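Structural features, examined
Chain residues, written in single-letter form:
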Amino acid sequence: MQQNGPQGKRVPQQKDLVNENVRFPEILLIGPKGEQLGTMSSREGQRIANEYGLDLYCVAPNAKPPVCKIIDFGKYRYEMQKKAKENKKKQKVIEIKEVQLTPQIGQNDLMVKVKAATRFLEDGNKVKVGVRYRGRQLAHVEVGEEVINKFIGYLSEIATIEKAPLLEGRWLNAVLASKVKK
């Protein structure tokens with residue numbers, strides 16, 4: 001939880017190794033322009049950071065000795081948030097769309113389902129194809145296998161089989177992934 005101090009400024013939390021929270025007996029200090037200022041106590045490093053009017057930030061707490069840098073922490077935090085937001089925008093979430101078939105599906109109905117699956121795959125999503133058996137249809141599993149194999153055959157140019165058809169209870173399921181990269 002963020003806490004705001006006087007004048008609405010953000011007070012660094014305990015997990016932020018900034019300024020007074022840097023409590024190591026010895027640190028390696030890097031100046032604001034990237035130059036090494038040497039090994040010294042954290043208090044001495046804090047004093048030098050105050051002379052520059054900037055913050056002392058520990059960039060590598062697990063190093064021997066810990067590495068600290070003199071930076072404007074507010075600006076650094078803003079840049080990190082900006083990068084994180086940019087990376088989140090570039091992320092593509094792949095959804096799994098589902099298409100349900102029956103063993104006795106007609107040819108035209110099958111083509112409608114193929115067209116829908118083609119649209120899903122072109123958008124970069126995965127498609128889960130399921131053939132549902134009802135009642136005595138389970139006695140003739142091969143009929144549903146023919147239907148699902150025919151369906152996969154129609155989509156073979158734009159899709160790869162990620163999970164081969166497998167009978168799970170009353171469902172024969174397969175997962176197709178798109179060859180088209182979006």
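Residues numbered from 1 in each chain as written. Predicted model: local features only at pLDDT ≥ 70, side-chain atom pairs only at ≥ 80, totals over all residues. Heavy atoms only, no water.

Describing the packing of helix H3 (residues 107-122) against helix H4 (residues 141-154)
The following threshold applies: To get an axis, a line is fitted to the C-alpha atoms, and for a helix only the part in contact is used. The angle between two axes follows their N-to-C directions and goes from 0 to 180 degrees. Under the DSSP-based scheme used, a helix requires at least four consecutive residues in state H or I and a strand at least two consecutive residues in state E, with every element numbered from the N terminus. Working rule for angles: under 35 degrees goes down as roughly parallel, over 145 as roughly antiparallel, 65 to 115 as roughly perpendicular, anything else as oblique. It is the rotation of the near helix from the far one that decides the hand of a crossing: anticlockwise by less than a right angle makes it left-handed, clockwise makes it right-handed. We call two residues in contact whenever any of their non-hydrogen atoms come within 4.5 Å of each other. Under the convention adopted here, Pro, Cys and the residues Ala, Val, Leu, Ile, Met, Phe, Trp and Tyr are nonpolar, Asp, Glu, Lys and Arg are charged, and Gly plus all remaining residues are polar.
Axis separation between H3 and H4 bottoms out at 10 Å; the angle between their running directions is 45°. In terms of orientation, H3 and H4 fall into the oblique class. Classified by chirality, the crossing of H4 by H3 is right-handed. On H4, the residues touching Gln-107, Leu-110, Met-111, Lys-113, Val-114 and Ala-117 of H3 are Val-147, Lys-150, Phe-151 and Tyr-154. Per-class residue counts for the contact of H3 with H4 are seven nonpolar, one polar and two charged.

Considering the pattern of salt bridges
Oppositely charged side chains are able to pair whenever their charged atoms sit close together. Selection rule: Put simply, a salt bridge is a Lys or Arg side-chain nitrogen that is within 4 Å of an Asp or Glu carboxyl oxygen. Remark: exposure states derive from per-residue accessible area (1.4 Å probe, protein chains only) relative to the maximum for the residue type, with buried under 20%, exposed over 50%, and partly exposed in between.
Within the structure shown, the criterion is met by five salt bridges. With its nearest N and O atoms 2.4 Å apart, the salt bridge here joins Arg-47 to Glu-44. In this pair, Arg-47 and Glu-44 are both assigned in helix H1 (residues 42-52), three residues apart and thus about one turn of the helix distant. Taking the relative accessible area as the measure of exposure, Arg-47 reaches 39% and is therefore partly exposed. Salt-bridge contacts for Glu-162 lead to Lys-126; the nearest nitrogen and oxygen are separated by 2.9 Å. Of this pair, Glu-162 sits in strand E9 (residues 159-168) while Lys-126 sits in strand E8 (residues 126-132); the two residues are 36 residues apart in sequence, bridging distant segments of the chain. Where salt bridges share partners, they join Glu-44, Arg-47 and Glu-51 into one cluster.

Some points on the sheet that holds strand E7 (residues 96-101)
The cut-off we apply is this: Strand pairing requires that DSSP identify at least two bridges connecting the strands.
What the four strands build is an open sheet, ordered E7-E8-E10-E9; its pairing is mixed. Each having just a single partner strand, E7 and E9 make up the two edges of the open sheet. Going across the sheet, the axis of each strand differs from the next one's by a mean of 20°, ignoring polarity. Note: E8 against strand E10 (residues 171-178), six bridges, orientation antiparallel. Note that in E10 the partner of Val-131 across the bridge is Leu-172.

Focus on the confidence of the model for the protein chain
We count it as follows: Scored from 0 to 100, pLDDT reflects the predictor's confidence in each residue.
Considering every residue of the protein chain, the mean pLDDT works out to 86; 91% of them sit at 70 or more. Confidence drops under a pLDDT of 50 for residues 10-14, and excluding neighbours within four residues, the segment shows 16 contacts in the predicted structure.

Points about the packing of aromatic side chains
Quick note on the threshold: Stacked, edge-to-face and tilted are the three classes for Phe, Tyr and Trp ring pairs, Trp counted by its six-membered ring, which pair at centre distances within 6.5 Å; planes under 30 degrees apart are stacked, over 60 edge-to-face, the rest tilted. Two conditions define a charge located above a ring, namely a distance within 6 Å from the ring centre to NZ of Lys or CZ of Arg, and an angle within 35 degrees of the ring normal.
Considering all chains together, one arrives at three aromatic pairs under this definition. Relative to Tyr-76, the ring of Tyr-57 lies with its centre 5.0 Å away and its plane at 45°, an arrangement referred to as tilted. Of this pair, Tyr-57 sits in strand E5 (residues 55-60) while Tyr-76 sits in helix H2 (residues 73-90); the two residues are 19 residues apart in sequence, bridging distant segments of the chain. According to the relative accessible area criterion, Tyr-57 is buried, its value standing at 16%. Using a relative accessible area of 29% as the deciding quantity, one classes Tyr-76 as partly exposed. Connected via pairs of aromatic rings, a cluster forms that spans Tyr-57, Phe-73 and Tyr-76. Across from the ring centre of Phe-120, 5.8 Å away, lies the NZ or CZ of Arg-119, which sits over that ring.

Regarding the nonpolar core
What counts is decided by this rule: Take the buried residues of types Ala, Val, Leu, Ile, Met, Phe, Trp, Tyr and Cys, join any two whose side-chain atoms come within 4.5 Å, and each joined set is a nonpolar core.
The biggest cluster of nonpolar side chains holds 24 residues, and the ones touching the most others in it are Leu-101, Phe-151 and Leu-155. Of all the secondary structure elements, the ones that give two or more residues to this core are E7, H3, E8, H4 and E10. Sorting elements by how many residues they give to this core places H3 first, with six residues. Excluding residues within four positions of it along the chain, Leu-155 makes contact with Val-114, Ala-117, Thr-118, Leu-121 and Leu-176. One finds Ile-27, Leu-29, Cys-68 and Ile-70 within the second-largest nonpolar core, a separate group that totals 10 residues.

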